[in-house]
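# Coordinate analysis (summary)
Next come the chains, spelled out residue by residue.
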Amino acid sequence: MAINPFSVTRLKSAAAMALLLAAAPLAGLNAQGLENKETVDRIVGSDVEQEETKTTAEAGKVASAIDRTRENIGAVRKTSKLDKVDIVFLTDAARSEGGPPPAIESKIEQHRDDIAELRKEIEANALLFNAIDSRRVQAEDVVAVAFDDPGKVVIYAAAKPPG
């Protein structure tokens, strides 16, 4: 009985696939976490900073950024490299604090659909998603972004920083 070379090739391919599938769960154990600042900087390729403030202290900037959400969606979509990502935690606007103050809540309500689209674009943008994820910000907590300086974005989040 002759050995069919096609059968041997298929057997080798099946064995290789089985080996890959068996090793796949272990590959996740070696993945780099986003807790390490150097890892974040390599993935994001940008300096990620954070600050905490009260919404009232930044009300004008936040309201202006919310008003520009429609145009900022396009900017988020096109962003692939930034020098700096600044995440501003609006601590008094967090859900645990009852949400944003009335003036900001009103702006969010006016631009609800645009903000929902902005959040989806942030989730789809690897750079911005990894930047917010590195600071444990959920996309649903982002209320606005501002591209005021070239190479820099400010992300306003109605959340408290982790830990």
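Each remark here, short or long, concerns the structure printed above.
Residues numbered from 1 in each chain as written. Predicted model: local features only at pLDDT ≥ 70, side-chain atom pairs only at ≥ 80, totals over all residues. Heavy atoms only, no water.

### Topic: the layout of surface pockets
What counts here: A pocket here means an open set of points on a 1 Å grid, computed over the protein atoms alone, that has protein on both sides within 12 Å along at least five of seven lines. A cavity is instead a set of points where a 1.4 Å probe fits but cannot get out; residues with an atom within 4 Å of a point line either one. Grid points are joined across faces, edges and corners, and a volume is the space filled by probe spheres set on the points. In DSSP terms, a helix is any run of H or I states spanning at least four residues, a strand is any run of E spanning at least two, and both are numbered starting from the N terminus.
Taken as a whole, the largest pocket holds about 260 Å³ of empty space. If you trace the largest pocket, you find 16 residues lining it, with Glu105, Ile108, Arg119, Glu140 and Val143 closest to the centre. Among the secondary structure elements, those contributing two or more residues to the lining of the largest pocket are helix 5 (102-110) and helix 6 (112-124). When residues in the lining of the largest pocket are grouped by element, the largest group, four residues, is from helix 6.

### Some details on unusual backbone geometry
With a phi angle near 60 degrees, Arg136 is a residue other than glycine that sits in the positive phi range. Note that Arg136 resides in the loop between helix 7 (126-134) and strand 3 (142-146).

### Describing the environment of Lys61
In this structure, Lys61 sits in helix 3 (residues 59-67). For the pair Lys61 and Tyr156, spaced 95 residues apart in sequence, the C-alpha separation works out to 9.6 Å.

### Quick look at the pairing of strand 2 (residues 84-90)
Spelled out, the test is: Relative accessibility under 20% of the residue-type maximum defines a buried residue, over 50% an exposed one, and the middle range a partly exposed one, all with a 1.4 Å probe and only protein chains included. Strands were regarded as paired on the criterion that DSSP finds at least two bridges between them.
In terms of residue burial, strand 2 counts as a mostly covered element, since six of its seven residues are buried. Bridge count between strand 1 (residues 47-53) and strand 2: seven bridges; the pairing is parallel. Across the sheet, the residue bridging to Asp47 is Lys84, located in strand 2. Strand direction decides the pairing type here: strand 2 and strand 4 (residues 152-157), joined by six bridges, are parallel. Bridged to Asp86 within strand 4 is Val154.

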